[in-house]
Every structure is written in structure tokens, then in C-alpha cells.
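# Coordinates in review
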Amino acid sequence: MKDPDQPRRLLKQMVMIRRFEEKCAELYQVEKIRGFLHLYIGEEAVATGVIDTLEAGDAVVATYREHGHALALGVEPGRILAEMYGKAEGVSMGRGGSMHLFDADTRLFGGNAIVGGGLPVAVGLALADKLKGNDRVTAVFFGEGAVAEGEFHESMNLAALWRLPVLFCCENNLYAMGTALNRAQTQMRITLKASAYEMPAWEVDGMDVLAVSQAATRAVESIRGGAGPHFLELRTYRFRAHSMFDPELYRDKDEVNKWKLRDPIETFRTMLEADAIVTSDEFAAIEAEVAVEIDAAVAFAEAGTLEPIHDLTRFVHSEEVAR
Amino acid sequence: MTVTEPRHATVTMTYREAVREGIRDAIASDDRVFLMGEDVGRYGGCYAVSKGLFDEFGDERIRDTPLSESGFVGAGIGAALGGMRPIVEVMTVNFALLALDQIVNTAALYLHMSGGQFNVPIVIRMVTGAGRQLGAQHSHSLEGWFAHVPGLKVVAPATIEDARWMLASALVDPDPVIIFEHAALYGSSGEVSADSGPVDINSARIRRRGDDVSIITHGGSLAKALTAADELDALGISTEVLDLRSLRPLDTAAILDTVAHTHRLVIVDEGWKSVGLSAEILARVSEDALWELDAPVMRVCAVEVPIPYAMHMEQAALPQVADIVAAVHKVLDR
Ligand SMILES: Cc1ncc(C[n+]2csc(CCOP(=O)(O)OP(=O)(O)O)c2C)c(N)n1
């Protein structure tokens, strides 16, 4: 294996995302976190596998379901949680909340809460990289619901037409809120839509972090080599409700339970244990490390401060930012 | 004193139920009417407005759409041109920005560009407003933008009765009508007279009579204005509250009348001040009732900043009862 640390790293990353979000759900119940909260639980292998293949300098554009992406990029958990608390120590100063995590250091360009809204932005970031002649890649994540938006098709076409270094990552979790894919699309093979724009497009098991990582590695290498945009359809499932306001009238418990058997963390851990790559003791150690990090994140968010109200209009124009 | 005091038996319902009843009625009574939008069916509506209607009427008349705002609003326009009476729900005004082209370039213009041949009898409903910590992309109050456009009618039901009955009148209208429902109102409840029926959708209404000062407002801000009026009443200040109801056309006569009655004016709007609805009201007052005013007009609007997530910041950005009370004191100089 090229990278002997990778399995443990991927496993720990997924565990971190899972436990972090379980904590978020708890904190939402006690109203520490407000507004919309969209959990990624069940989909961890996608962000983990893709982002693990990116390098410093690459950019990521995500949706409102982006805690996992921020964590995988290495954004500090405490600063993510502080954002959800609305604290000034949050990644976006408490201005954004759960749906709008931004981080210049890791080049995370949101956290966009308009379905499809991030796609054209990713195309533009990639255009800038191409014009500047560097070999950076922009990875953009969006749900399969976004495939119905005009912005999806416009962005795919532009990226292909201009051979831009974009990795399109469609997180197909089968539902856009309550609308199942088969009620939104006649052609449910999303990769065929990408093929129509003449870009390589692969269906990937989004519950298998190694499969995700391998596909992403291949795509990113090819993009960096100048082959233009690539498209991954990552087949996954959201174990929780769409947001905290969703009574889940549109799907059966049975279906959810069936998918839970393919839990990306459980299956990976079982495989690693069977192959004696990560022992159960080591897994327990991972859980313990993660628990410590999460406790620290909660403490950080709790200790955070509220931005003074007299700064309300501070981030409207750039000249006021430095104030 | 409220002007619309129920005379007969009344029914108590929430704003959400009132909107749902309005939709149910419209669909049951006219084969041409159907509801279409994202998650209106199986999910029950993102604000649970259409909950239950899917089971009652089926998927043709409660039609779920993919995430294609421009596409399905355009399709609604086409269906209206083709003889149907669609009610198109755009989840929120924030996402209506993806359909702005169809609303402004198609719905609003076809009657005119066709020399009067093609009217577009579509009703578009959408949620507006902030206050629930949903962040800047989910907290717009852009009804003033739509009210800018000739060819559209724009209404904002602020009471249970209007929530219940404006839709019926909008569906009778031969031209596009946009209904803005403020997110904070859905849970509010009140009484509607059991024998109430379709309401006029072109005029403003006085919701509270008063003599010292007028507050003009609409939608989600009406309740705040009425609360402020109660507080002011306790201080011996008699406040008149005018609910615009229709943002296009604006009921200029009602605006001028209340100014002529109290001679002092505060305008409350959750939208931004600059180039907005409040500016238009003020312009009309200064064009036609300037000499009626005994004091400069005050506006209580959202602070000119995208609506922040953090609760204290969001609340600071939005018009509050205390701001309205303070503005009234200022125009009264007491
Ligand atoms: C333009 C737009 N329309 C509607 C919404 C409301 N909305 C938020 S998430 C969502 C479902 C999106 O589903 P999908 O793209 O599959 O992503 P998922 O939530 O499953 O990750 C909808 C309809 C929105 N945010 N933006």
C-alpha cells in the first residue's frame, strides 16, 4: 500500500464527523444551535474519501450539509461548533451558522444554501486557476436534487467547454428533502447527464470510503494532468432527517434500516479489523481521541463570545472588515 | 378597537390552516386549479401548509416538482396561458430569485407584449421574511422588488382572514398575483367569521383606529406594529395602524387618508430601507400629503446588512417593537 496511514486516517476522520454531528444534534435539542441543521450522518465516506485526495491549495465548494467537508479539510472542530453557536470565534464570525461555513486557510468557499448555487462558483474558481496556469483542482459537492436545476447544466457545460479543473461530486442520497430521485428525474443515471457534456463520469459506491478515495484519486490526477472536468456520482444515503424539521413522511423505516446495514464506518471498521489493519483496541483509542476533541470543541464554543451589536454592519463592504 | 370585528359565529384557526383551507377550497371548487411546487405533496410542504392535501387530491392536483424554480414557474405560466388556474408555490422568496426571469420577463409582460391577447392567470405563493436564524440566504424580504414591476399584483396577507381568503380572490384575477406569506405567521392563530368569503385584494385596511400617529406596515410586521400600538396606548398615545395588504397596487388613498387623519407617520418594513417599499410610501406621502404632516416621517426597517445567523445580531438587524415605539415618540416629540 502506497500510504500505510491512510486506512486509520480515513476511519478516524469518519468517526470524527459522525460523533461531531451526533453532538450537534444533541446541542440542537437544547437550543445551543439554532436555525437549520442538516446532518451528514451516513454520508461520511463521501467527503472523507474525496477530500483526502486533495492537496493544499485545492478548493472546495459545498452545500448547507457541509460539516463533514469542513472537518475533512482540517477546519478546527471548535471553530465550526462556535459558528453554530453564533459566536464570534466561529469560522464565519457567527454570521453564517451551520449552512455557511467558510474558511480561507483551507480554501473552503462555503456552505451555500441555495441548491445548485455553488456549482457556477466552482466553475469560476477553476477558471481562475486555469488562467493563472497553476494545477489546482476545485471539488464541488452537491446533492442529486441539484441535478434538476439549470445552474447544474450550465455549469457542467461551461466547465467542459473550457476544460476547467473541476471535480463534480454528486452526493446521491436518493432524496431531495422528500422528493425521491425517481420522482424528479426520468433518466436516473446521473452519470449519463455528465457524459452528455463530454466529461468522464463514474458511479461510485459512496458507502465505501476506499472506493471513493480511489475514484477521486484517479479523477484528480487526470484533472491535474489537464484532462478537464470529471464527474463522480457518489451513491450514498442520509440516515437522519433532511433537517431538524422533517417528520420523514416520504420514506419507510425499513428502507432506512436496510441502508444502515451498509454504514460506512461500521463496514470499514469491520473490514480493517478482519484484515488486522486496525485492531479493536486501536478503534477504541480512535473513539477516545475523537471524544476528547469533541469535548474540547464544545468547551471552545461554550467559552466563545458574542460579537458586539455595534459591529452589525461590519461585513457589508470590504473597507469595514478591517475595522 | 379592531375594525373587522366578527359579527357572527367564528372559527379559530392558525395562519397555516387558513392558507391550507384556502387551497383546499380552491382545488375542490374549480377543476382548473392545481397546486405545484417543491415538496408540496409527499413531504407536505416545507412549512407543512399543504399537509394532507396530497392524500386528498392526488399527485395531479398536488404536484411535486423537481428543484427547477425557473422551469416550474415557467410551466405554471404556460398552464395558465393554456386555460388552467395554477397555484405555484415557490418554497421561499430566496429561491424565487432563480425564477425571477419567468416572473418578470414572462408572467408580467405577456399581456402587454401581446397587445392584450394573452393574460396570465397564475397565482404564485411564497414565503418571505427573517427572524428564525436561517442565515442570510434564507432570510430575504424582497416583496418590494416584485412590487416594482408593472403587470404583477403583489399581496401580503397579515391576518388569518386574509390568509384564508386572499387566494380565492387572486385566482379570480385574470393576471399574475404573487402572495407573500411571512414565515413567522404560520403558527399564529385567530378567528375568522364562519360566513367570511373572498376579500378584496387591492386595498389597505385599518387594523386599529387612532388619532395621534399612523403606522403603515404589512405582513409579518403587522403584529409588531399592533403590539407597539398597545404599549403606546398605555402611555396615552393613540396609534392608527394601516395594513397595506396589497403592495402592488399600493392603496395610495388609504395611505393619504391616515396621514391626513393623524398628521404623523411611521413606516415599518422588514425589507431594507434603501430604494425599497418604505421609500415608495414616503414618496407618495411627500407628493400628495406633504402639508398634512406635522413632523418628519420615520422609517423602521431592516438594518442595511445581510441578515446574520447569530440570534442577537439577527434581532438587532430586524425591526423590533421597541424600535417602533421609539420612532413614534420621535415623530410625536414626546
Ligand atoms: C434553489 C433552492 N430551492 C429550494 C431549496 C430548499 N431546499 C433545501 S435543501 C433541498 C433538497 C436538496 O436536495 P439535494 O440536492 O439532493 O441535497 P441533500 O439535501 O439531499 O443533501 C431543498 C429543496 C433551496 N435551498 N434552494
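The shown structure was predicted, so the numbers you read here are calculated from the model rather than taken from an experiment.

### Things to note about the sheet that holds strand S3 (residues 108-112) of chain A
Residue and element names in this part refer to chain A.
- The mixed open sheet is built from seven strands, whose spatial order is S2-S3-S1-S4-S5-S9-S8. Of all strands in the sheet, those bounded by a partner on one side alone are strand S2 (102-103) and strand S8 (201-205).
- As defined by bridge partners, strand S5 (residues 166-172) adjoins strand S9 (residues 230-235) across six bridges and the pair is classed as parallel. Counted as the bridge partner of asparagine 172 is arginine 235 from S9.
- Sheet contacts for helix H5 (residues 118-132): strand S1 (59-63), S3, strand S4 (138-143) and S5; angle to S4, the most-contacted strand, approximately 170°.

### Some points on the sheet that holds strand S10 (residues 213-217) of chain B
Residues and elements named next belong to chain B.
- The mixed open sheet is built from five strands, whose spatial order is S9-S11-S10-S13-S14. If you trace the sheet from one side to the other, it starts and ends with strand S9 (205-208) and strand S14 (298-302), each paired once. Within the sheet, the average angular offset between the axes of one strand and its neighbour, ignoring direction, is 25°.
- As paired elements, S10 and strand S11 (residues 239-243) share five bridges and run parallel to each other. Within S11, the position partnered with serine 214 by the bridge is glutamate 240.
- Sheet strands in contact with helix H9 (residues 222-234) are S9, S10 and S11, and its direction is about 170° off that of S11.
- Against the sheet, helix H11 (residues 277-288) touches S10, strand S13 (265-272) and S14, its axis set at about 150° to S13.

### Some remarks on the packing of aromatic side chains
- This structure, assessed with the given rule, holds 13 aromatic pairs over all chains.
- When the ring of A:Phe142 is compared with that of A:Phe231, the centres are 6.3 Å apart and the planes differ by 55°; the resulting orientation is tilted. Of this pair, A:Phe142 sits in strand S4 while A:Phe231 sits in strand S9, and the two are 89 residues apart along the sequence.
- On the basis of relative accessible area, A:Phe142 is assigned to the buried category, the value being 3%.
- Residue A:Phe231 is classed as buried on the basis of its relative accessible area of 0%.
- What links up through ring pairs into an aromatic cluster is the set A:Tyr175, A:Tyr237, A:Tyr250, A:Trp259 and B:Tyr43.

### A few points about the interface of chain A and chain B
- Listed per partner, the contact involves 41 residues of chain A and 31 residues of chain B.
- Together chain A and chain B conceal approximately 3100 Å² of surface at their shared face, both sides included; 65% is due to carbon and sulfur atoms.
- Of all residues in chain A, the largest losses of buried area upon contact with chain B belong to A:Ile114, A:Met177 and A:Leu312, amounting jointly to 19% of the total for that side.
- Here chain A and chain B share zero salt bridges between them.
- Linking chain A to chain B there are 11 residue pairs in polar contact (both at pLDDT 80 or more).
- When the residues that make up the side of chain A that touches chain B are grouped by side-chain class, the tally is 21 nonpolar, 11 polar and nine charged.

### Side note on the site of the ligand
- Close to the ligand lie 22 residues; A:Tyr64, A:Arg65, A:Ala113, A:Gly145 and B:Glu69 are nearest.
- Between a nitrogen atom of the ligand and a main-chain N or O atom of A:Ala113, the distance comes to 2.8 Å.
- A distance of 3.0 Å separates a nitrogen atom of the ligand from a polar backbone atom of A:Val115.
- For the ligand, whose accessible area on its own is 580 Å², the fraction buried by protein is 97%.
- Partitioning the shell around the ligand into residue classes produces 12 nonpolar, five polar and five charged.

### Quick word on the domain arrangement of chain B
All names here are of chain B.
- Looking at chain B, the domain boundaries give domain 1 (10-193) and domain 2 (205-331).
- For domain 1 and domain 2, the distance between their C-alpha centres works out to 26 Å.
- Tallying the contact residues gives 30 residues for domain 1 and 23 residues for domain 2.
- Buried surface at the junction of domain 1 and domain 2, both sides included, amounts to about 2000 Å², of which 55% is carbon and sulfur.
- Here domain 1 is connected to domain 2 by three salt bridges.
- Note that aspartate 162 and arginine 245 form a salt bridge whose closest N and O atoms lie 2.7 Å from each other.
- Where domain 1 touches domain 2, the interface holds 16 residue pairs in polar contact (both at pLDDT 80 or more).
- Those elements giving two or more residues to the side of domain 1 that touches domain 2 turn out to be strand S6 (153-155) and helix H8 (160-172).
- Partitioning the side of domain 1 that touches domain 2 into residue classes produces 14 nonpolar, 11 polar and five charged.

### Overview of H11(B)
Residues and elements named next belong to chain B.
- Helix length check: H11 (12 residues) gives 17 Å between terminal C-alpha atoms against 16 Å at 1.5 Å per residue, within 8%.
- For H11, the full list of buried residues reads Leu277, Ser278, Ile281 and Val285. Taken down its axis, H11 places every buried residue within 105° of arc, on the same side.
- In this structure, the buried side of H11 is in contact with S10, strand S12 (246-248), helix H10 (252-262), S13 and S14.

### What about the pattern of salt bridges?
All names here are of chain A.
- Counted according to the given criterion, the structure contains 41 salt bridges over all chains.
- Arginine 79 is the partner of aspartate 103 in a salt bridge, and the nearest nitrogen-oxygen pair spans 3.7 Å. Taken together, the residues aspartate 103 in strand S2 and arginine 79 in helix H4 (residues 77-84) connect sequence positions 24 residues apart.
- Residue aspartate 103 is classed as buried on the basis of its relative accessible area, which comes to 8%.

### Examining the confidence of the model for chain B
Residue and element names in this part refer to chain B.
- Looking at chain B as a whole, its pLDDT mean stands at 96, while 98% of the residues score no less than 70.
- The secondary-structure element of chain B with the lowest mean pLDDT is strand S8 (residues 189-193), recorded at 94, while S11 shows the highest, at 99.
- For this predicted complex, the interface score ipTM comes out at 0.93, while the overall pTM is 0.95.

### A closer look at the nonpolar core
- Within the largest apolar cluster, 123 residues are counted, with the highest numbers of intra-cluster contacts made by A:Leu81, A:Leu167, B:Met126 and B:Phe146.
- Per-element tally for this core: the top contributor is helix H1 (residues 6-29) of chain A, with 11 residues.
- The residues that make up this core include at least three from each of domain 1 (10-193) and domain 2 (205-331) of chain B.
- The residues touching B:Phe146, leaving out its near neighbours within four places in the chain, are B:Val93, B:Ala96, B:Leu100, B:Ile103, B:Met126, B:Leu152, B:Val154, B:Ile178 and B:Phe180.
- A:Tyr64, B:Val40, B:Val49 and B:Ile87 belong to the second-largest nonpolar core, a separate cluster that totals 40 residues.

Basis of the calculations
Residues numbered from 1 in each chain as written. Chains lettered and ligands numbered in written order. Predicted model: local features only at pLDDT ≥ 70, side-chain atom pairs only at ≥ 80, totals over all residues. Heavy atoms only, no water. Pairing = 2+ DSSP bridges. Helix = DSSP H or I, 4+ residues; strand = E, 2+ residues; numbered from the N terminus. Contact = heavy atoms within 4.5 Å. Axes fitted to C-alpha atoms, helices over the stretch in contact; angles between N-to-C directions. Phe/Tyr/Trp six-rings, centres within 6.5 Å; stacked < 30°, edge-to-face > 60°. Buried < 20%, exposed > 50% of the residue type's maximum accessible area, 1.4 Å probe, protein only. Buried area = accessible area lost by both parts, 1.4 Å probe. Salt bridge = Lys/Arg side-chain N within 4 Å of Asp/Glu carboxyl O. Polar contact = N/O pair within 3.5 Å; in protein donor to acceptor, adjacent residues only side chain to side chain. Nonpolar A, V, L, I, M, F, W, Y, C, P; charged D, E, K, R; others polar. Near = heavy atom within 4 Å. Areas by Shrake-Rupley, 256 points an atom, 1.4 Å probe, with all protein chains shown as cover. Domains from an automatic or database assignment. Expected span 1.5 Å × (residues − 1). Arc of directions from axis to C-beta. pLDDT = per-residue confidence, 0-100. Core = buried A, V, L, I, M, F, W, Y, C linked by side-chain atoms within 4.5 Å.

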